[in-house]
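# Observations on the three-dimensional arrangement
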Amino acid sequence: VVADGDLVRFEFVSADGYVLGSRAERRLTVEDTRLASLAANFSTRPTGARLLQNYPNPFNPETWMPFDLSEAADVTVTVYNAMGARVRRIELGGLAAGAYRAKQDAAYWDGRNTLGERVASGVYVYELRAREFRAIRRMLVRK
């Protein structure tokens, strides 16, 4: 609910999380509130599962891999080296539908293999699995 004199800010963001164009703001007038009506549907549930690019990339020594889930699922992220050998498996467990994009929510990799050793510089691939969804992206470790 808005009232005369309220400041309304608009920011249009793409499904990937990028700001589209510039932000806008407007101080509402009596005429605005008399003439306008606004219906909005804000959903925190993504429309599809998606794996996004890790950040930072290139990285050293750690990185985060953001993703979206359109439905609850057991989630696993597996890291492979350039030859396709599994380097590390990260079990995230059962997660609710939602956007896991913030640093504290995204899948985290400390740049170590299953033995706890730091991996060498180079190209790696990470795979996200959640139910039937499977996606793969590349990342670069630079030391």
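To be clear, the structure that these remarks concern was listed above.
These notes cover the structure that comes with them. Bear in mind the structure is a predicted one, so any value in this text is a computation, not a measurement.

A count of helices and strands for the chain gives one helix and 11 strands. In the chain, the succession of helices and strands from N to C terminus is β-β-α-β-β-β-β-β-β-β-β-β. In the chain, which comprises 143 residues, the share counted as buried stands at 29%. For the chain, the proportion of contacts with a sequence separation of at least 24, taken over those separated by at least 6, is 54%. When the accessible area of the chain is evaluated, it comes to approximately 9600 Å², of which 51% is carbon and sulfur surface.

Take the pairing of strand β11 (residues 133-141) next. Two elements, strand β10 (residues 122-130) and β11, share nine bridges in a ladder whose sense is antiparallel. Opposite Tyr-124, over in β11, you have Met-139 as the bridge partner. A loop of two residues connects β10 with β11, the two strands running antiparallel in sequence, and Arg-131 in this loop sits at a positive phi of about 55°.

Let us now look at the sheet that holds strand β5 (residues 67-69). Read across the sheet, three strands follow the order β3-β5-β8 without closing on themselves; strand pairing throughout is antiparallel. Each edge of the open sheet carries a strand with a single partner, namely β3 (50-51) and β8 (98-100).

Turning next to the pattern of salt bridges. When their charged atoms lie close together, side chains carrying opposite charge are able to pair. Summed over all chains, the structure comprises seven salt bridges. In this structure, Asp-68 and Arg-101 form a salt bridge, with 2.6 Å as the shortest nitrogen-oxygen distance. With a gap of 33 residues between them, Asp-68 in strand β5 and Arg-101 in the loop between β8 and β9 (107-109) connect regions that are remote in the sequence. The class for Asp-68 is buried, based on a relative accessible area of 2%. Classification of Arg-101 by relative accessible area gives partly exposed; the value is 26%. Within the structure, one salt-bridge network assembled from shared partners comprises Arg-50, Asp-68 and Arg-101.

Strand-to-strand pairing in sheets goes through backbone hydrogen bonds, with the strands running parallel or antiparallel. Strand order in the open sheet made by the four strands is β7-β6-β10-β11, with antiparallel pairing throughout. Pairing within the sheet leaves two strands with one partner each, and these edge strands are β7 (86-95) and β11. In this sheet, adjacent strand axes meet at a mean angle of 15° when their direction is disregarded. Bridge analysis of strand β6 (residues 73-81) against β7 gives eight bridges, and the strand direction is antiparallel. Bridge pairing in β7 links Val-77 to Ile-90.

Attention shifts here to empty space enclosed by the protein. Under the criterion given, the structure shown has one cavity of 30 Å³ or more. Of the volumes computed, that of the largest cavity is approximately 30 Å³. Lining of the largest cavity is provided by Phe-59, Asn-60, Pro-61, Gly-111, Arg-118, Val-119, Val-141 and Lys-143. Along the lines of polarity and charge, the residues of the lining of the largest cavity split into four nonpolar, two polar and two charged.

The rules behind each value
Residues numbered from 1 in each chain as written. Predicted model: local features only at pLDDT ≥ 70, side-chain atom pairs only at ≥ 80, totals over all residues. Heavy atoms only, no water. Helix = DSSP H or I, 4+ residues; strand = E, 2+ residues; numbered from the N terminus. Buried < 20%, exposed > 50% of the residue type's maximum accessible area, 1.4 Å probe, protein only. Contact = heavy atoms within 4.5 Å. Areas by Shrake-Rupley, 256 points an atom, 1.4 Å probe, with all protein chains shown as cover. Pairing = 2+ DSSP bridges. Salt bridge = Lys/Arg side-chain N within 4 Å of Asp/Glu carboxyl O. Axes fitted to C-alpha atoms, helices over the stretch in contact; angles between N-to-C directions. 1 Å grid on protein atoms, 1.4 Å probe; cavity = no way out; pocket = protein on both sides within 12 Å on 5 of 7 lines; lining within 4 Å. Points joined across faces, edges and corners; volume = space filled by probe spheres on them. Nonpolar A, V, L, I, M, F, W, Y, C, P; charged D, E, K, R; others polar.

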